[in-house]
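# Examination of the molecular architecture
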Amino acid sequence: MNVIELHYNLWSQLQARRERLPHALLFSGLRGLGKFALARQFAASLLCETPLADGTACGNCPACGWLAQGNHPDFRLLQPEALAEAEEGEGEQGKESSKKASQQITIDQVRALDDFLHVGTHRQGLRVVVVHPAEAMNRSTANALLKTLEEPAAGTHFLLVSNEAERLLPTIRSRCQAVPVAVPSAEAAERWLAAAGVMDARRWLSLAGGAPLLAEELGSSGESQLIDALLAQVTRGASLDALAAAAALDKVVKAEKGERGAQHGPPMKRLMEWAQKWLFDLGMARAGLPVRYFVSEAAQVERVARCCDPRGLLAFSRKSLQYRRHSEHPLNSRLFLEDFFLGYAALFNRR
Ligand SMILES: [Zn+2]
């Protein structure tokens, strides 16, 4: 199933603006909505020589062929080296080089655009540059890109993609027309996940906050080990043994390091993100509102929420932001978790 089907209205709007397309667009929204895939499809659509009626690239013309092979002369993709390697490699070798691969788009990559932008297009058509993710630029790189955005070369379109548009330089944002990408309808998202063969689609979709590509990634990446281990502890509420919980989770986190950690981010950070979502849902349930993330476990959320101290919960939820911030490199993961679970257990001992 094509990502366009998830965002069909947006796609139609983009197509309607084709003839008077601004020089730079900024696709922004939550992680896992398919913004990058959508921007790529739109780039393909702009470059295609015989697009279909709805604007989709035909897939058969020479331009589509070059793009598919990664050598279209009028297309550039700026992304961190590490991302490019992850895309190509997917586990095969690559390990040695990925140690050095940059997590950032480098200033050299932006400078290399100069030549590209100042020779004529090969197909007398358009040039397209996709920048993904746009927040992966430091200030000097962003400023170099800004110069290019300020002096638009004719027929050139920049498609920036960002999960965290608020972190971009305001001057970059103001040069781009915003393309906010919304959470698709649950119906469309579930169809997408079913087509992708994801089991438990509904559960993953709510855990992913409605973002279908993130749900797919979570559902197929074994994230449930981390989530289930956390749930096994936090659902105990008043009968939680904080030190035992910390020991159990510490084991899971350590096992998650290594290969999976490299691929999906530091496990402690991911664990703390889930913990934060759990606390958020407890707060919702406590306020009599529907839970957002742990929808499949709503009954347990509500049961636990009933016996926790609401004020303490509010304070601890705030504190969980700090846990999350410090979770990438805790000095001692066991102590870090003990601190967290002691704080959590205290929510239930205030009668
Ligand atoms: Zn084509």
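Residues numbered from 1 in each chain as written. Predicted model: local features only at pLDDT ≥ 70, side-chain atom pairs only at ≥ 80, totals over all residues. Heavy atoms only, no water.

The next point concerns the overall build of the protein. When helices and strands are counted, the protein shows 20 helices and five strands. Taking the principal axes of its C-alpha atoms as reference, the protein extends roughly 75 × 40 × 40 Å. By residue count, 47% of the 351 residues in the protein fall in the buried class. For the protein, the exposed area adds up to about 18,100 Å²; of that, 51% sits on carbon and sulfur atoms. When the 41 basic and 39 acidic side-chain charges of the protein are each reduced to a single mean position, those positions are 7 Å apart. (Helix = DSSP H or I, 4+ residues; strand = E, 2+ residues; numbered from the N terminus. Buried < 20%, exposed > 50% of the residue type's maximum accessible area, 1.4 Å probe, protein only. Areas by Shrake-Rupley, 256 points an atom, 1.4 Å probe, with all protein chains shown as cover. Lys, Arg positive; Asp, Glu negative; His and termini not counted. Charge placed at Lys NZ, Arg CZ, Asp CG, Glu CD.)

Let us look at the coordination of the zinc ion. Listed as protein donors to the zinc ion are Cys48 (SG), Cys58 (SG), Cys61 (SG) and Cys64 (SG); their distances from the metal cover 2.3 Å. The sequence pattern formed by the donor residues of the zinc ion is C-x9-C-x2-C-x2-C. Separated by 10 residues along the polypeptide, Cys48 in the loop between α3 (35-47) and α4 (62-69) and Cys58 in the loop between α3 and α4 bring together distant segments of the chain. Exposure remark for Cys48: the relative accessible area of 7% places this residue in the buried category. (Donors = N, O, S within 2.8 Å, 3.2 Å for Na, K, Ca; no water.)

Looking at the assigned domains, one finds that the protein contains domain 1 (3-182) and domain 2 (221-348). One C-alpha centre belongs to domain 1, the other to domain 2, and the line joining them spans 36 Å. (Domains from an automatic or database assignment.)

A separate point is the pattern of salt bridges. On inspection of all chains with the given rule, the structure shows 12 salt bridges. Residue Arg202 pairs with Glu190 through a salt bridge whose shortest N-O separation is 3.1 Å. On the criterion of sequence distance, the pair formed by Arg202 in helix α12 (residues 201-207) and Glu190 in helix α11 (residues 186-195) is long-range, its members being 12 residues apart. Given the relative accessible area of 59%, Arg202 is considered exposed. Linking Glu338 and Arg334 is a salt bridge whose minimum nitrogen-to-oxygen distance equals 3.6 Å. Remark: Arg334 and Glu338 occur in helix α20 (residues 333-345); sequence separation between them is four residues, near one turn of the helix. (Salt bridge = Lys/Arg side-chain N within 4 Å of Asp/Glu carboxyl O.)

This next bit is on the packing of helix α15 (residues 242-256) against α20. With their axes 8 Å apart at the nearest point, α15 and α20 run at an angle of 135 degrees to one another. Compared by their axis directions, α15 and α20 come out oblique. By crossing handedness, the relation of α15 to α20 is classed as right-handed. Residue-level inspection shows Ala242, Leu243, Ala245, Ala246, Ala247, Leu249, Asp250 and Lys254 of α15 in contact with α20, the latter providing Ser333, Arg334, Leu337, Glu338, Phe341, Leu342 and Ala345. In terms of residue class, the contact of α15 with α20 is made up of 10 nonpolar, one polar and four charged. (Axes fitted to C-alpha atoms, helices over the stretch in contact; angles between N-to-C directions. Parallel < 35°, antiparallel > 145°, perpendicular 65-115°, else oblique. Left-handed = near helix turned anticlockwise from the far one by under 90°. Contact = heavy atoms within 4.5 Å. Nonpolar A, V, L, I, M, F, W, Y, C, P; charged D, E, K, R; others polar.)

A few words now on the sheet that holds strand β4 (residues 156-162). Strand order in the open sheet formed by five strands is β2-β3-β4-β1-β5, and the pairing between neighbours is parallel. The outermost strands of the open sheet, each flanked by one partner alone, are β2 (75-78) and β5 (177-180). When the angles between neighbouring strand axes are averaged without regard to direction, this sheet yields 20 degrees. In this sheet, β4 lies alongside strand β1 (residues 24-28) in parallel orientation, the contact comprising five bridges. What sits directly across from Leu26, in β4, is Leu160. (Pairing = 2+ DSSP bridges.)

Those residues of helix α18 (residues 298-306) that fall on the buried side of the exposure criterion are Ala298, Val301, Val304 and Ala305. Down the axis, α18 shows its buried residues gathered within 130 degrees of arc, on one side only. Among the exposed residues of α18, those oriented more than 90 degrees off its buried face are Ala299 and Arg306. In this fold, the buried residues of α18 make contact with α14 (224-234), α17 (267-286) and α20. (Arc of directions from axis to C-beta.)

Here the focus is the packing of aromatic side chains. Under the defined criterion, the tally for this structure stands at 10 aromatic pairs. Centroid distance Phe340 to Phe341: 5.2 Å. Interplanar angle 85 degrees. Geometry classified as edge-to-face. Here Phe340 matches Phe341 in class, with each residue buried. Here the aromatic residues Phe316, Tyr323, Phe336, Phe340, Phe341, Tyr344 and Phe348 are joined through ring pairs into a cluster of three or more. Sitting above the plane of the Trp204 ring, Arg203 keeps its charged end 5.4 Å from the centroid. Directly above the aromatic system of Tyr293 lies the positively charged group of Lys277, at a separation of 5.2 Å from the ring centroid. (Phe/Tyr/Trp six-rings, centres within 6.5 Å; stacked < 30°, edge-to-face > 60°. Lys NZ or Arg CZ within 6 Å of the ring centre and 35° of its normal.)

Turning to its location among the elements, Gln15 is positioned in helix α2 (residues 8-16). Take Gln15: its relative accessible area is 14%, and that puts it in the buried class. Dropping the residues within four chain positions of it, Gln15 is found in contact with Phe42, Ser45, Asp54 and Gly55.

Its place among the elements puts Glu164 in the loop between β4 and α10 (170-175). For Glu164, a relative accessible area of 29% puts it in the partly exposed group. Here the alpha-carbon distance between Glu164 and Val3, two residues 161 residues apart in the chain, equals 20 Å.

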